[in-house]
Amino acid sequence: MSQPAHHLRARDLGITVGSLPTGPHNAITDVPGVLVGHTTVDDGRDLHTGVTAVVPSQLGPGRWTLPAAVYTGNGHGKLVGSTQVDELGVLESPIVLTATLSVFRAADALLTYLMHQRPDGVSFNPLVGETNDGHLSDIRRRPITEEHVLAAIAGATGGLPAEGCVGAGTGTTALGYKAGIGTASRLVQGFDSPVTVGALTQSNFGGVLTALGVPLPVEELIPEADSTEPPGNSCMIVVATDAPLDARQLGRLARRAIFAMARVGASYSNGSGDYAIAFSTAEPDRPTIPDAQLTPVFAAVLDSVEEALLNSLFAATTTRGMGGRTSHAVPHEAAVGRLAAAGRLTPSD
C-alpha cells in the first residue's frame, strides 16, 4: 500500500542517496535489537513537542554497557551524560531526545527507568539530547513529564519508525522547512558477515535545503513562506551499528555523521548544537574491524545520515504553532521538478 503523500520518504520521490543497499526498513531499527519509540505532545495550538527514544535491547542483565562515542560538531546545546561517554567510551542507557528546556526533566525520568532496571545501582549515566522547538511550541511550559519519557521507552519497537512531525521532531524546523525525525540504514558487505549501519536524526538546523547537490531554497519553492530562522537551531544524530568497533572507532563514525549535514545544506551556525552519538551492538567477544577496512563503513554512515536528514523533511507536514508562526512542509512536486530537471532522480521501475 502506498503511503499518504505527506508521509513520503526521499526514496518514494526517486531521491536515492549513494549506491549501498539499505536494510529491509531503511531505518536504524535494521540494526538487530535497536528499537525506537515516540511520545508526541501536540495540542494543535501552542504545544508541538515530544520524546523520541532509541533503545538498544542488548542493554540488560549481563550486559549493562555498549561501546559508544559522542562527537560535538558545535557545542551550543545540552547533551546530558556526554562527558561520561567521552571518558569511559560506553553507553549505559537508552538515548532519549526531546526539547531544550525539557531535557533535564527527561534525564530525571530516564534515571527512574535505569534505577528500576538495576535496583542495586548507585550510579547511572542517562544520555539525553535536545533541539530547540520554541519556534512552534511553547517551550517554557516544559510539558514533558516522566510518563512521556517512560512511555516512549516502553513503546519502542522494531520495524519502520514514524518520521516527520512525531516525538522529539513534532515542533522542529530545518533548512527553512518543517522538519522532524528521520531515519535510514545501509548494509556493508566484505566482512565475515554483513554489517548494518543505521541513523536517526532530530533535525532543527539552519541553511539551504540541498538534495543530491540541488539547492531547494524555501524562498523559491514557497515564496510566501516566513523564512525567519528559529533561534537555537540544532541537530541530534544517533548512529547504531552491529559492526564490532571500539569507542575510538565509533568516534570516527560520529564525526562522519556530522560531516553528512553539509550534504543537505547545513549552515553550522553559532547557535546550532550539532551532536552525533554512535554505538555498537556487536557481541563483546568479536574482534574489532581494523581501521584500514573502515572506509565502506564510513560511506554507510555518510549516506544513511544524509538520507535520514532528507526523510526528516520530506515526511514532515506543515505546522502552525506559537504566535501564529508556520513552518511549511517541503512541496514535493516542486522539489521533484527541480531534481528531475537536474537529472538527479532515480527512474521508477
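See above for the structure.
Residues numbered from 1 in each chain as written. Predicted model: local features only at pLDDT ≥ 70, side-chain atom pairs only at ≥ 80, totals over all residues. Heavy atoms only, no water.

Counting its regular elements, the protein contains seven helices and 16 strands. A compact globule built from 349 residues should have a C-alpha radius of gyration of about 20 Å, and the protein, at 19 Å, falls within 12% of that. Taking the principal axes of its C-alpha atoms as reference, the protein extends roughly 55 × 50 × 40 Å. Across the 349 residues of the protein, 56% fall into the buried class. Of the contacts made within the protein by residues no fewer than 6 positions apart, 79% connect residues no fewer than 24 positions apart. Here the protein holds 22 positive side-chain charges and 33 negative ones, and the gap between their average locations is 3 Å. (Helix = DSSP H or I, 4+ residues; strand = E, 2+ residues; numbered from the N terminus. Rg over C-alpha atoms; globule rule 2.2 N^0.38 Å. Buried < 20%, exposed > 50% of the residue type's maximum accessible area, 1.4 Å probe, protein only. Contact = heavy atoms within 4.5 Å. Lys, Arg positive; Asp, Glu negative; His and termini not counted. Charge placed at Lys NZ, Arg CZ, Asp CG, Glu CD.)

So, on to the pattern of salt bridges. As enumerated under the stated definition, the model contains nine salt bridges in all. In this structure, Arg-248 and Asp-291 form a salt bridge, with 3.0 Å as the shortest nitrogen-oxygen distance. With Arg-248 in helix α5 (residues 247-260) and Asp-291 in the loop between β14 (273-280) and α6 (295-314), this residue pair connects regions lying 43 residues apart in the sequence. By relative accessible area, which is 30% here, Asp-291 ends up partly exposed. Through salt bridges with shared partners, one network takes in Arg-11, Arg-186 and Glu-307. (Salt bridge = Lys/Arg side-chain N within 4 Å of Asp/Glu carboxyl O.)

On to the packing of helix α2 (residues 103-117) against helix α3 (residues 146-154). One can describe the packing of α2 onto α3 by two numbers: an axis separation of 8 Å at closest approach and a directional angle of 55 degrees. With respect to each other, α2 and α3 are oriented oblique. Along this stretch, α2 crosses α3, giving a crossing that reads as right-handed. On α3, the residues that touch Ala-106, Ala-109, Leu-110, Thr-112 and Tyr-113 of α2 are Glu-146, Val-149, Leu-150 and Ile-153. The residue makeup of the contact of α2 with α3, split by class, is seven nonpolar, one polar and one charged. (Axes fitted to C-alpha atoms, helices over the stretch in contact; angles between N-to-C directions. Parallel < 35°, antiparallel > 145°, perpendicular 65-115°, else oblique. Left-handed = near helix turned anticlockwise from the far one by under 90°. Nonpolar A, V, L, I, M, F, W, Y, C, P; charged D, E, K, R; others polar.)

For the rest of this paragraph, the subject is the packing of α5 against α6. Packed helix pairs are specified by the crossing angle of their axes together with the interaxial distance, meaning the distance between the axes. It is at 8 Å that the axes of α5 and α6 come closest, and there the two elements cross at 40 degrees. Taken as axis vectors, α5 and α6 run oblique relative to one another. Seen from above, α5 lies across α6 with right-handed handedness. Along its contact with α5, which presents Arg-252, Leu-253, Arg-256, Ala-257, Phe-259 and Ala-260, the element α6 presents Val-297, Phe-298, Val-301, Leu-302, Val-305, Glu-306 and Leu-309. Of the residues contributing to the contact of α5 with α6, the split by class is ten nonpolar, no polar and three charged.

All right, on to the sheet that holds strand β4 (residues 90-91) then. Sheet strands pair by backbone hydrogen bonding; their relative direction is either parallel or antiparallel. Strands sit in the order β4-β3-β14-β13-β10-β9 across an open sheet of six strands; the sheet is mixed. Here the strands that pair on one side only, and so sit at the sheet edges, are β4 and β9 (181-188). Two elements, strand β3 (residues 66-75) and β14, share seven bridges in a ladder whose sense is antiparallel. Bridged to Thr-72 within β14 is Tyr-275. Docked against the sheet, α6 engages β9, β10 (195-204) and β13 (234-241), running at close to 155 degrees with respect to β9. (Pairing = 2+ DSSP bridges.)

On to the packing of aromatic side chains. The final tally for this structure, using the stated rule, is zero aromatic pairs. Its end group placed over the ring of Phe-298, Arg-256 keeps NZ or CZ at 3.8 Å from the ring centre. (Phe/Tyr/Trp six-rings, centres within 6.5 Å; stacked < 30°, edge-to-face > 60°. Lys NZ or Arg CZ within 6 Å of the ring centre and 35° of its normal.)

All right, on to unusual backbone geometry then. A positive phi angle is found at Arg-142, which is not glycine, with a value near 45 degrees. Tracing the backbone shows Arg-142 in the loop between β6 (127-131) and α3. The phi angle at Leu-175 is positive, at roughly 55 degrees, despite the residue not being glycine. Of note, Leu-175 is situated in the loop between β7 (173-174) and β8 (177-178). Leu-175 gets classed as buried once you look at its relative accessible area, which sits at 2%.

This brings us to the side chain of Asn-26. On the secondary structure map, Asn-26 appears in the segment before β1 (34-42). Polar contacts involving the side chain of Asn-26 include one to the main-chain amide nitrogen of Ser-185, which spans 2.9 Å. Filtering out sequence-adjacent residues up to four positions away, Asn-26 remains in contact with Arg-9, Arg-11, Thr-183, Ala-184, Ser-185, Arg-186 and Glu-307. (Polar contact = N/O pair within 3.5 Å; in protein donor to acceptor, adjacent residues only side chain to side chain.)

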